[in-house]
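Residue-level structure breakdown
The primary structure of each chain is shown beneath.
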Amino acid sequence: MELARLGAWLDQRLGLQAARQFAAHKTVPIHRHTVWYYLGGMTLFFFLVQVGSGILLMLYYRPSAAEAFESIQFLMTEVPFGWLVRSIHSWSANLMVAAAFVHLFSTFFLKAYRAPRELTWVSGVLLLFLVLGFGFSGYLLPWNKLAFFATKVGTDIAGSVPLLGPFMLRFLRGGDLVTGGTLSRFYGWHVAILPAASTLLLGLHLYLVQRHGMSQPQSDQRAAPARAQMPFFPDFALRDAFGWLVALAVLAALAAFAPWELGEKADPFAPAFANIRPEWYFMFMFQTLKYIPGGHFLGIELEAYAILAFMLAGAVLLAVPFLDSDPSRRLRSACFTAAGAFALIYIVVLTALGYHSLWPLWATLVILGLVRLVAWVTASPPESR
Amino acid sequence: MDWFLGTSLGGLLAAIGYPVLRFISPPEIPEAATDRVLAGTVQELAQGHWKIFKFGSLPGILVEVEPGSYRAFSATCTHLDCTVQYREDVHRIWCACHNGWYDAQSGRNVEGPPPSPLTSYSVRIEGDDIYVLRG
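Please read these numbers as outputs of a predicted model, since none were measured by experiment.

As a further point, take unusual backbone geometry. All names here are of chain A. Note that the residue after alanine 115, namely proline 116, is joined by a cis bond; omega there is 10°. Mapped onto the fold, proline 116 is located in the loop between α5 (82-109) and α6 (118-140). Residue proline 234 follows phenylalanine 233 across a cis peptide bond; omega there is 10°. In this fold, proline 234 is placed in helix α10 (residues 232-257). Backbone geometry places phenylalanine 81, a non-glycine residue, at a positive phi of 60°. Considering the arrangement of structural elements, one finds phenylalanine 81 in the loop between α4 (68-77) and α5. Since 11 C-beta atoms lie within 10 Å of it, phenylalanine 81 is described here as exposed. Within the chain, leucine 163 stands out as a residue other than glycine whose phi angle is a positive 70°. Within the fold, leucine 163 resides in the loop between α7 (145-159) and α8 (165-173).

Dropping the structure here:
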């Protein structure tokens, strides 16, 4: 009785009835690709874990070249469950990027970016860029050797961009070299600027998802009344919650059984060691730059062309809904699907090659598995998939 | 009226944006030029055959290419800024980040992605001390 009165009191002030009615009428299409709808929610789940674990880490972390490494060492060895909180933060970051990539590619291949969802796509791609920015800025914060050289290379890549490069390099590093100034700058990006931008974009992205609803795949040609639907609440919400629980279980297992290592403290006057590598989601770019020979073309270093190509690919990714907007232009649509498949294969193969010296068996298995998958997709008719 | 409001808004945004933009661009801090440093000792190099030394705020590499013969270069890879090392097994300077190779005698880029040679320095031996000089 008291609870009902409290509910009525809150309803009068917050308008909960309207939210209840909205949830009651919201439905989600059911088809053979419905499973991909859960990836967005799962990415959001990992983002929330990042916010929570990141706030806890801030209580002990000290962002200076003299203290950053030691503060994390202290956190991992002296603070109760410190190792677990850091491990959760690191693993969750990686799982968040993985979930975001799968979400992006599933949305791409289902053509869910078409009208009226262009801005949903654009906000989602921008969120992915921000997530990569979180990864890049967070990687340096432990101030270990691996992070130091990965940041040197990453910022130097930005510095190789013609015209804007020198400004970008100094802007990112806070000077000409990677120093403690770079660390405090990256910390600012990581805990203030990127979270603020992400919160705004995430709000817009979720609003657009609610406004336009889930996209119906083109392959599902049934007329609207014949399409199967499920209520968003409780059916879809409970399935989403189950996905979050699975994600939590995977995260907890990884964090507990494979705790994230700290490595050795960065030394700006030590040589880079063999097997130096960035986070796995930058590996395909890192590996590409390994294959670009030294030299110049039209007075510009060859690596700058590769960097410009990656930037162009990012711009095309953002513009996909506007370039492939008309479902009746099937050839153009098929070209975009093929380009997306090529990009996916390129990323997987180059990433596997990047890890080949470290884990030759796994890298070979990944490449062979991909070859087998491509053979199956190209050999089987679309209706059997 | 529209013109007045538009101009005021533009002025306000510029008044906020310009200082912010200047603030986030780090100032140029001139460093005292370092032209000569004590990079190591003959005894040290006889044991390890190479070492990384500080040349101002940047790393340099000193290599004993033959007994009693030394070369010094900037240790910053000309590809993407990693710090190089000497590989005694092949007598070359190596960048581990992207597998770039340089000739240890001349600093010339000989294999892999580096686009240009390492900057070369002069070496002067005074007793047991090895000094590296710019130019």
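Alright, that's what it looks like, and here's the rest.
Further remarks concern the sheet that holds strand β4 (residues 69-74) of chain B. Residue and element names in this part refer to chain B. With respect to topology, six strands assemble into an open sheet ordered β1-β10-β9-β4-β3-β2, the strand pairing being antiparallel. The open sheet terminates on both sides in strands that have one partner only, identified here as β1 (36-41) and β2 (50-55). When the angles between neighbouring strand axes are averaged without regard to direction, this sheet yields 30°. Where β4 and strand β9 (residues 120-126) come together, two bridges link them in antiparallel fashion. Its bridge partner being in β9, phenylalanine 73 is matched across the sheet by serine 120.

Let us now look at the packing of α5(A) against α6(A). All names here are of chain A. Orientation of α5 relative to α6, taken along the N-to-C sense of each, is 155°, at an axis distance of 10 Å. The angle between the axes of α5 and α6 places the two elements in the roughly antiparallel class. The element α5 and its partner α6 pack so that their crossing is left-handed. Every residue of α6 that contacts α5 at Ala93, Met96, Val97, Ala100, Leu104 and Thr107 is listed here: Trp121, Gly124, Leu128, Val131, Phe134, Gly135 and Gly138. Among the residues making up the contact of α5 with α6, the classes are represented as nine nonpolar, four polar and no charged.

Moving on: the sheet that holds strand β6 (residues 92-95) of chain B. All names here are of chain B. Read from one edge of the open sheet, four strands run β5-β6-β7-β8, paired in antiparallel fashion. The sheet is open, and its two borders are formed by β5 (85-87) and β8 (109-111), each paired with just one other strand. For this sheet, the mean angle separating the axes of adjacent strands, direction not counted, is 40°. Two strands pair when backbone bridges link them, and β6 and strand β7 (residues 100-103) are joined in this way by four bridges, in the antiparallel orientation. Residue pairing in the sheet places arginine 92 in a bridge with aspartate 103 of β7.

This part takes up the environment of Ser184(A). Residues and elements named next belong to chain A. On the secondary structure map, serine 184 appears in helix α9 (residues 180-212). Residue serine 184 is classed as partly exposed on the basis of its C-beta count, with 14 C-beta atoms lying within 10 Å. Separated by 68 residues in the primary sequence, serine 184 and alanine 252 have C-alpha atoms spaced 30 Å apart. If sequence neighbours within four positions are ignored, serine 184 has contacts with Pro63 and Ser64.

The subject of this paragraph is the confidence of the model for chain B. Detailed reading of the predicted coordinates is not advisable wherever pLDDT falls low. Predicted confidence across chain B gives a mean pLDDT of 91, with 99% of residues reaching 70 or more. Overall fold confidence (pTM) sits at 0.88, and the ipTM for the predicted complex is 0.79.

Right, let's get into the nonpolar core. Ranked by internal contacts, the top residues of the largest apolar core, which has 83 residues, are Phe46(A), Met96(A), Trp143(A), Phe149(A), Ile61(B) and Cys97(B). Ranked by residues supplied to this core, first place goes to α5(A) with eleven residues. The contact partners of Met96(A), leaving out residues within four places of it in the chain, are Thr43(A), Phe46(A), Phe47(A), Gln50(A) and Val131(A).

Residues and elements named next belong to chain B. Bridging between β5 and β6 involves three bridges; their strand directions are antiparallel. Directly across from glutamine 85, in β6, lies its bridge partner tryptophan 94. The turn joining β5 and β6, which pair antiparallel and follow one another in sequence, is formed by four residues; a positive phi near 55° is taken by histidine 91. Connecting the antiparallel pair β6 and β7 is a turn made up of four residues, with asparagine 99 showing a positive phi of about 60°.

Procedures and definitions
- Residues numbered from 1 in each chain as written.
- Chains lettered and ligands numbered in written order.
- Predicted model: local features only at pLDDT ≥ 70, side-chain atom pairs only at ≥ 80, totals over all residues.
- Helix = DSSP H or I, 4+ residues; strand = E, 2+ residues; numbered from the N terminus.
- Buried ≥ 20, exposed ≤ 12 C-beta atoms within 10 Å, placed from the backbone.
- Pairing = 2+ DSSP bridges.
- Axes fitted to C-alpha atoms, helices over the stretch in contact; angles between N-to-C directions.
- Parallel < 35°, antiparallel > 145°, perpendicular 65-115°, else oblique.
- Left-handed = near helix turned anticlockwise from the far one by under 90°.
- Contact = placed C-beta atoms within 7 Å.
- Nonpolar A, V, L, I, M, F, W, Y, C, P; charged D, E, K, R; others polar.
- pLDDT = per-residue confidence, 0-100.
- Core = buried A, V, L, I, M, F, W, Y, C linked by C-beta atoms within 7 Å.

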